[in-house]
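Coordinate inspection notes
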Amino acid sequence: MLQIRLLNEDLQKQANETLNEVPARIHEDLQALRIWIQGQQHLRANTDDQFLIAFLRRSKYSLEKAKKRIDSYYSFKSKFPEFFNGTNVDNARFREIFRLGGFLYLPIPLHNNGPRIVFVRGGFYSADLFSLEEVMAVNHVLQDIVILEDDYAVVNGLVGIAVDEAITLSHILQVTPLYLKKWISYNHEAMPLRIKSAHILKAPKICETVYNMGKPLLPLGHEDRLFFHDSLDSLNQHVPLKYLPKDYGGENGSIEEIVGEWDEKLNKYRDYFSKSTQWGIDENLRIVKANDQNDIFGIEGSFRKLEFD
């Protein structure tokens, strides 16, 4: 028996039409993916239905693409745990960063039944107190929860809004070209969520350094999903302002409310993230040329554009 949530009528229609989902075949597809995982001696993965179906949906039910994405997902977590693999959600510094409210998954999807909106408050933390690794570890824990429980995000993708006016030179200096390559590669090779668009609001001029480093690394065709806005009026042409948090003039939850709700979610997922220490990649057991893996993780190779849908 399938252990997945039923989609509502709108989401099921979207999954069928845009993700190639055939409800009658889900069990067969999940089983094929699970059997493949069990046959990979280098890979230890979560094989729960709800987790695996996110990868099938992100890959539009191409089993080969889903396999590659799962392998990449755990490869990043094993090779760069400081960025991608937070496992102790009770760590005091982890909770302190989280409670600053820098990463907010807003309660109402865009247009009420569209992509999930992730609202990022750039520069929300003190770069003198916290490292970029610590901050992004919080981001990826929240993202992992979304993968498990947010059907709007899994089916319809994410719309990102980053308000960057508080970013300082200290924040910029934490961002290296190698970090950018890891982060962009993870988002497009490993994460089972599709980024539909990203909107940068009120970014100071010093942010141009990061954007100029990152833009050549974006997947082919993805530059047109990135928008820069100098005002809320400009953003409103793409995202109606009512879908912003109340703190920014919208109607989509407040920072305090969302942080409080997600604080409880972290408690709920405490055991899940503790258990996640069992999952990962043992490269010593992988049957593949070393060069192939090194290129994926930026140790060798050029900063070429990625090619993903």
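Residues numbered from 1 in each chain as written. Predicted model: local features only at pLDDT ≥ 70, side-chain atom pairs only at ≥ 80, totals over all residues. Heavy atoms only, no water.

Looking at an unreviewed UniProt entry, the chain carries the name CRAL-TRIO domain-containing protein, with the source organism given as Glossina pallidipes.

With that settled, consider the pattern of salt bridges. Inspection of the entire model under this criterion finds 19 salt bridges. Across the pair Asp263 and Arg95 runs a salt bridge, and its minimum N-O distance is 2.7 Å. Placement of the pair is Asp263 in helix α13 (residues 255-268) and Arg95 in helix α6 (residues 92-98), with a sequence separation of 168 residues. Grouping residues by exposure puts Asp263 and Arg95 together as buried. Here Glu149 makes a salt bridge to Lys265, at a shortest N to O gap of 2.3 Å. Of this pair, Glu149 sits in helix α7 (residues 132-149) while Lys265 is found in helix α13, placing the two residues 116 residues apart along the sequence. Taking the relative accessible area as the measure of exposure, Glu149 reaches 22% and is therefore partly exposed. In the salt-bridge network here, residues are joined through shared partners; they are Asp90, Arg95, Arg99, Asp263 and Arg270. (Salt bridge = Lys/Arg side-chain N within 4 Å of Asp/Glu carboxyl O. Helix = DSSP H or I, 4+ residues; strand = E, 2+ residues; numbered from the N terminus. Buried < 20%, exposed > 50% of the residue type's maximum accessible area, 1.4 Å probe, protein only.)

This part takes up empty space enclosed by the protein. Counting across every chain of the model gives two cavities of 30 Å³ or more. For the largest cavity, the calculated volume is near 70 Å³. Together, Tyr73, Tyr74, Lys77, Asn85, Asp144, Tyr272, Phe273, Ser276 and Trp279 line the largest cavity. Of all the secondary structure elements, the ones that give two or more residues to the lining of the largest cavity are α4 (63-79) and α14 (270-275). When residues of the lining of the largest cavity are assigned to their parent elements, the largest contribution, three residues, is made by α4. Looking at side-chain class alone, the lining of the largest cavity contains five nonpolar, two polar and two charged residues. (1 Å grid on protein atoms, 1.4 Å probe; cavity = no way out; pocket = protein on both sides within 12 Å on 5 of 7 lines; lining within 4 Å. Points joined across faces, edges and corners; volume = space filled by probe spheres on them. Nonpolar A, V, L, I, M, F, W, Y, C, P; charged D, E, K, R; others polar.)

As a further point, take the UniProt feature "domain: CRAL-TRIO" (unreviewed entry) in the chain. Those residues carrying the UniProt feature "domain: CRAL-TRIO" (unreviewed entry) are residues 91-256 in this numbering. Between the first and last C-alpha atoms of residues 91-256 the distance is 20 Å; the span itself is 38% helix and 16% strand. (UniProt positions renumbered as here; feature names shortened; annotations may be inferred.)

Considering all chains together, one arrives at 22 aromatic pairs under this definition. A ring pair is formed by Phe83 and Phe84, whose centres lie 6.0 Å apart and whose planes are at 50°; its orientation type is tilted. As far as burial versus exposure is concerned, Phe83 and Phe84 are alike and both buried. Each ring, one from Phe124 and one from Tyr125, has its centre 5.3 Å from the other, and the planes form 70°; the classification is edge-to-face. By the burial criterion, Phe124 is buried, and Tyr125 matches it. Within the aromatic cluster, the residues linked to one another by ring pairs are Phe51, Phe55, Tyr73, Tyr74, Phe76, Phe80, Phe83, Phe84, Tyr179 and Tyr186. Lying over the aromatic face of Trp262, Lys265 brings its terminal NZ or CZ to 5.2 Å of the ring centre. (Phe/Tyr/Trp six-rings, centres within 6.5 Å; stacked < 30°, edge-to-face > 60°. Lys NZ or Arg CZ within 6 Å of the ring centre and 35° of its normal.)

Okay, the layout of surface pockets next. Quantified by volume, the largest pocket comes out at close to 1200 Å³. Around the largest pocket, the lining comprises 47 residues; the ones closest to its centre are Ala162, Asp164, Trp183, Ile200 and Tyr211. Tallying contributions element by element places helix α10 (residues 177-190) first for the lining of the largest pocket, with six residues. Residues that form the lining of the largest pocket fall into these classes: 29 nonpolar, 13 polar and five charged.

Turning our attention to the confidence of the model for the chain. When pLDDT is averaged along the chain, the result is 91; 93% of the residues meet or exceed 70. Contacts from residues 290-294, a stretch scored under 50 in pLDDT, to residues over four places away or in other chains number seven contacts. (pLDDT = per-residue confidence, 0-100. Contact = heavy atoms within 4.5 Å.)

The subject of this paragraph is the sheet that holds strand β4 (residues 158-163). Sheets are built from strands paired through backbone hydrogen bonds, the pairs being either parallel or antiparallel. Spatial ordering of the open sheet is given by β2-β3-β4-β5-β6, a layout of five strands whose pairing is mixed. The sheet is open, and its two borders are formed by β2 (103-105) and β6 (226-229), each paired with just one other strand. Neighbour-to-neighbour, the strand axes of this sheet turn through a mean angle of 20°, independent of strand direction. Bridge count for strand β5 (residues 195-201) against β6 is four bridges, and the pairing is parallel. (Pairing = 2+ DSSP bridges. Axes fitted to C-alpha atoms, helices over the stretch in contact; angles between N-to-C directions.)

Partitioning the chain into domains gives domain 1 (9-83) and domain 2 (92-268). Just the C-alpha atoms count here: the centres of domain 1 and domain 2 sit 24 Å apart. Counting from both sides, the interface comprises 20 residues of domain 1 and, opposite them, 26 residues of domain 2. Summed over both sides, the interface between domain 1 and domain 2 buries roughly 2200 Å², with carbon and sulfur atoms accounting for 61% of that surface. (Domains from an automatic or database assignment. Buried area = accessible area lost by both parts, 1.4 Å probe.)

Phi at Lys60 takes a positive value of approximately 50°, unusual for a residue other than glycine. Tracing the backbone through its elements, the reader meets Lys60 in the loop between α3 (49-58) and α4. You will see that His111, though not glycine, has its phi angle at about 60°, which is positive. Its place among the elements puts His111 in the loop between β2 and β3 (116-121).

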